[in-house]
Amino acid sequence: MTVYVVGLDGADWSLLRPWAEEGHLPAFARVLDEGVSGDLESTLPPVTFPAWKCYSTGKTPGKLGVYEWFAYDRDTHEISPNDASDFRSCEYWDVLADRGGRAGVVNMPTTHPAGASASGAPDADADSNDRTDNGVVLTIAGSPASERKSFTSPESLKADLLDAIPDYRVKPDLVLDEATPDELVAEARELFEQRFEAATWLADEKECEFVHTTLFATDTLQHRLWDRPEKLRAAYERVDELLADLLDRDDAEAVVLMSDHGFAEIREIFMVNQWLADRGDLAFEESETRDLLASVGLTEERLKRLVGRLGLVNLAQSLVPESLQRLFPSESGRVAIQDADIDWTETKAVSLGRGPIYVNGAAFSDDRAVDAYVEGLASDLEALETPAGDPVAAAVHDPADVYSGDRARGPDVVVEYTTGVDAPEAIGGGVFGETTEWLATHRRSGVFAAWGDDFAEGSADLELYDLAPTLLHRLGAPVPEDVDGEVRFDVLAGEAADREVEQGPPTATDATGERAGEEVEDTLRELGYLE
């Protein structure tokens, strides 16, 4: 028997519940009617990095040492992409493996490079069925991994997977900005099928008793097709058909649905780094190379269109270094903050994305001056309004109030943006009124639902951090003592609801392992997270 978790990146009840009630998503309706469901509050910021690892570890970013897609080194001022090797914790499936269980993970963001296991355990034998050993976690990494390279752990799993699913792809073979809505939906539906097929293959052929699979294309579609609800529904209808098959499998002991965050329409774009620059808090110089390329019409967008017409998207992504791609200017005139030539002698603060702001301590005379600046910055952000008169920020947090642990590599300010305000990290253009290819952005409220043995019926709202301890307890495994979430007995039934929580040792680790920086940046540009 197998417990399945289906991660629906960015799924939002504002879409799914009405469609289920109207009869368009009968499998979702079945889970809602027969199981337990509710809102799932994400982390801050509600972004793929670090949200998926917050789910799989049960910990806040403060214990993981990752707060957004990028990290800032205060000593060198380097801005670099995070990947799987940066997270400072084992995941709940590692705990299952330590108890002799067999777990499978498919396509979860933050799992690339696949060999960069936080547990530090050597690659296991994917075909080993010896239940007397330490168990196994079989990983099929998510983007920016590539099926053209190593993307599984153990590496031997790749050949078996591609024998079973020859057309398996990690990410779309499309230039997302140039694809039509129908092309985006068709590609997503194919990827959904592969994710479910990989999940059931791990259960059937590799005897996994627990399998997590992530559908990342839901996020991609919602960013770009929020104004086309009929197209989004067509994509989710295929998910529903695949979910129905999963619910009907003889081995499906339980099925859990969850998302790393929710979604909402973009009402305003706030260019936070441009705001800092206009205040005199961030200084940068223009790039002569980009200006020259722009003057002759060689832009990033034109390069993408050419590659798309030639059908060479995945090949180009694997062969052209990201360091070369970033030399091409964007037609918008904006520059990703990590590509900007920042003058750190004149820069006081920088934002790496949709929430965290880092202060350059070297720009101040002492810690007291830093504290005074942070206090003033937070106050100004709290008072800031959009041109329509709405608050830019719902709240501005001291990191110590929202993150646990030692907050290694942590920011100085965490902005919780008002729902509908998107705050990309790029610099250039106006503070307000800019447009991007995105029509919708993330919000904190995601989805949770659970169906099957030992799960309750009814409704309950959870935090993202609660899922790891709750699932571990449901699966009869110890709950690490250093998790931030709680075992939510209100979503459990039967023996699991009556059993006391077994506390296990902490799962904190050092951040070590193989790096995948340029691949991460390449994928972020393709998805629209970077200019």
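Residues numbered from 1 in each chain as written. Predicted model: local features only at pLDDT ≥ 70, side-chain atom pairs only at ≥ 80, totals over all residues. Heavy atoms only, no water.

(A) Local environment of the overall build of the chain. Helix and strand counts for the chain come out as 19 helices and 24 strands. When burial is assessed residue by residue, the chain has 61% of its 531 residues classed as buried. At a minimum sequence separation of 6, the contacts of the chain that also span at least 24 residues come to 79%. When the accessible surface of the chain is split by element, carbon and sulfur atoms take 45% of a total near 20,200 Å². (Helix = DSSP H or I, 4+ residues; strand = E, 2+ residues; numbered from the N terminus. Buried < 20%, exposed > 50% of the residue type's maximum accessible area, 1.4 Å probe, protein only. Contact = heavy atoms within 4.5 Å. Areas by Shrake-Rupley, 256 points an atom, 1.4 Å probe, with all protein chains shown as cover.)

(B) Inspection of helix 3 (residues 48-57) at higher detail. When you tally the buried positions in helix 3, you get 10 out of 10 residues, the bulk of the element. Listed in full, the buried residues belonging to helix 3 are Thr48, Phe49, Pro50, Ala51, Trp52, Lys53, Cys54, Tyr55, Ser56 and Thr57. Where helix 3 is buried, its residues contact strand 1 (2-8), helix 4 (61-64), helix 5 (92-98), strand 8 (210-215), strand 9 (252-258) and helix 17 (467-474). Just downstream of helix 3, glycine 58 is the residue with a positive phi angle, here 75°.

(C) Geometry of the packing of helix 6 (residues 156-164) against helix 7 (residues 181-205). Their axes nearest at 11 Å, the elements helix 6 and helix 7 cross at an angle of 115°. Helix-helix and strand crossings are classified by hand; for helix 6 and helix 7 the assignment is right-handed. Contact residues: Leu157, Asp160, Leu161 and Ala164 in helix 6; Glu197, Ala198, Trp201 and Leu202 in helix 7. Its residues assigned to classes, the contact of helix 6 with helix 7 shows 6 nonpolar, no polar and 2 charged. (Axes fitted to C-alpha atoms, helices over the stretch in contact; angles between N-to-C directions. Left-handed = near helix turned anticlockwise from the far one by under 90°. Nonpolar A, V, L, I, M, F, W, Y, C, P; charged D, E, K, R; others polar.)

(D) Expanded view of the pattern of salt bridges. Following the criterion strictly, the structure yields 30 salt bridges and no others. For glutamate 190, the salt bridge identified is with arginine 169, shortest N-O distance 3.6 Å. Linking glutamate 190 in helix 7 with arginine 169 in the loop between helix 6 and helix 7, this pair joins segments that are 21 residues apart in sequence. Relative accessible area serves as the criterion here: at 38%, glutamate 190 is assigned to the partly exposed category. Assessed through its relative accessible area of 14%, arginine 169 is described here as buried. Among the ionic contacts, a cluster of salt bridges with common partners joins Arg30, Glu34 and Asp248. (Salt bridge = Lys/Arg side-chain N within 4 Å of Asp/Glu carboxyl O.)

(E) Representation of the sheet that holds strand 14 (residues 349-351). Spatially, the 4 strands line up as an open sheet ordered 14-15-17-16, and their pairing is antiparallel. The two strands at the open ends of the sheet, each matched to only one other strand, are strand 14 and strand 16 (393-397). Taking each pair of neighbouring strands and ignoring which way they run, the sheet shows an average axis angle of 20°. Bridge count between strand 15 (residues 356-359) and strand 17 (residues 413-417): 2 bridges; the pairing is antiparallel. Each residue of the ladder has a partner; that of isoleucine 357, found in strand 17, is valine 413. (Pairing = 2+ DSSP bridges.)

(F) Just the packing of aromatic side chains, in detail. Throughout the structure, instances matching the rule amount to 18 aromatic pairs. With centroids separated by 5.7 Å and ring planes inclined at 45°, the aromatic side chains of phenylalanine 49 and phenylalanine 87 adopt a geometry described as tilted. Of this pair, phenylalanine 49 sits in helix 3 while phenylalanine 87 sits in the loop between strand 4 (79-81) and helix 5; the two residues are 38 residues apart in sequence, bridging distant segments of the chain. The class of phenylalanine 49 is buried, set by a relative accessible area of 3%. Given the relative accessible area of 1%, phenylalanine 87 is considered buried. Aromatic ring contacts, followed pair by pair, group Trp52, Tyr55, Tyr92, Trp93 and Phe210 into a single cluster. Above the face of the tryptophan 13 ring, arginine 17 is positioned so that its terminal group lies 4.3 Å from the ring centre. Here the guanidinium or amino end of lysine 53 rests over the ring plane of phenylalanine 87, the centre of that ring lying 5.0 Å away. (Phe/Tyr/Trp six-rings, centres within 6.5 Å; stacked < 30°, edge-to-face > 60°. Lys NZ or Arg CZ within 6 Å of the ring centre and 35° of its normal.)

(G) View of the environment of serine 146. Examined against the element boundaries, serine 146 turns out to sit in the loop between strand 6 (136-140) and strand 7 (152-153). For the pair serine 146 and lysine 171, spaced 25 residues apart in sequence, the C-alpha separation works out to 7.6 Å. Beyond its immediate sequence surroundings of up to four residues, serine 146 is in contact with Phe151 and Val170.

(H) Summary view of unusual backbone geometry. The peptide bond linking phenylalanine 49 to proline 50 adopts the cis configuration, its omega dihedral lying at 20°. Note that proline 50 resides in helix 3. One non-glycine residue, arginine 407, lies in positive phi territory at about 55°. Residue position: arginine 407 is located in the loop between helix 16 (399-402) and strand 17.

(I) Region of the structure containing the nonpolar core. Counting 87 residues, the largest nonpolar core has Tyr55, Tyr92, Trp93, Phe270 and Phe448 as its most contacted members. The biggest single contributor to this core is helix 15 (residues 367-383), with 6 residues. When neighbours within four sequence positions are excluded, tyrosine 55 is seen to be in contact with Val5, Tyr92, Trp93, Met108, His212, Met258, Leu464, Leu467, Ala468 and Leu471. Counting residues in hydrophobic clusters, the runner-up holds 64 residues, among them Val136, Leu161, Leu215 and Ala449. (Core = buried A, V, L, I, M, F, W, Y, C linked by side-chain atoms within 4.5 Å.)

(J) Inspection of the environment of glutamate 209 at higher detail. Considering the arrangement of structural elements, one finds glutamate 209 in the loop between helix 7 and strand 8. We classify glutamate 209 as partly exposed; its relative accessible area is 32%. Note: C-alpha distance between glutamate 209 and glycine 101 (108 residues apart in sequence) is 7.0 Å. Of note is the side chain of glutamate 209, whose polar atom sits 2.8 Å from the backbone nitrogen of arginine 102. (Polar contact = N/O pair within 3.5 Å; in protein donor to acceptor, adjacent residues only side chain to side chain.)

(K) View of a negative patch on the surface. On the surface, Asp366, Asp367, Asp371 and Glu375 cluster together into a negatively charged patch. Its place among the elements puts aspartate 367 in helix 15. (Patch = residues over 30% accessible without salt bridge, like charges linked within 9 Å, V, L, I, M, F, W, Y side chains within 5 Å. Lys, Arg positive; Asp, Glu negative; His and termini not counted. Charge placed at Lys NZ, Arg CZ, Asp CG, Glu CD.)

(L) Main features of the packing of helix 7 against helix 8 (residues 217-225). The contact between helix 7 and helix 8 brings their axes to 10 Å, and the two run at 165°. Considering the angle they form, helix 7 stands roughly antiparallel to helix 8. The interaxial crossing formed by helix 7 with helix 8 has left-handed handedness. Residues Pro181, Leu184, Val185, Ala188 and Phe192 of helix 7 touch helix 8, and the partners they reach there are Ala217, Thr218, Leu221, Arg224 and Leu225. (Parallel < 35°, antiparallel > 145°, perpendicular 65-115°, else oblique.)

(M) Focus on the confidence of the model for the chain. For the chain, the mean per-residue pLDDT works out to 89, and 84% of the residues sit at or above 70. Scored below 50 in pLDDT, residues 119-123 shows 5 contacts in the model against residues more than four places distant or in partner chains. Every residue in residues 513-517 scores below 50 in pLDDT, and together they form 15 contacts with partners more than four places removed in sequence or on other chains. (pLDDT = per-residue confidence, 0-100.)

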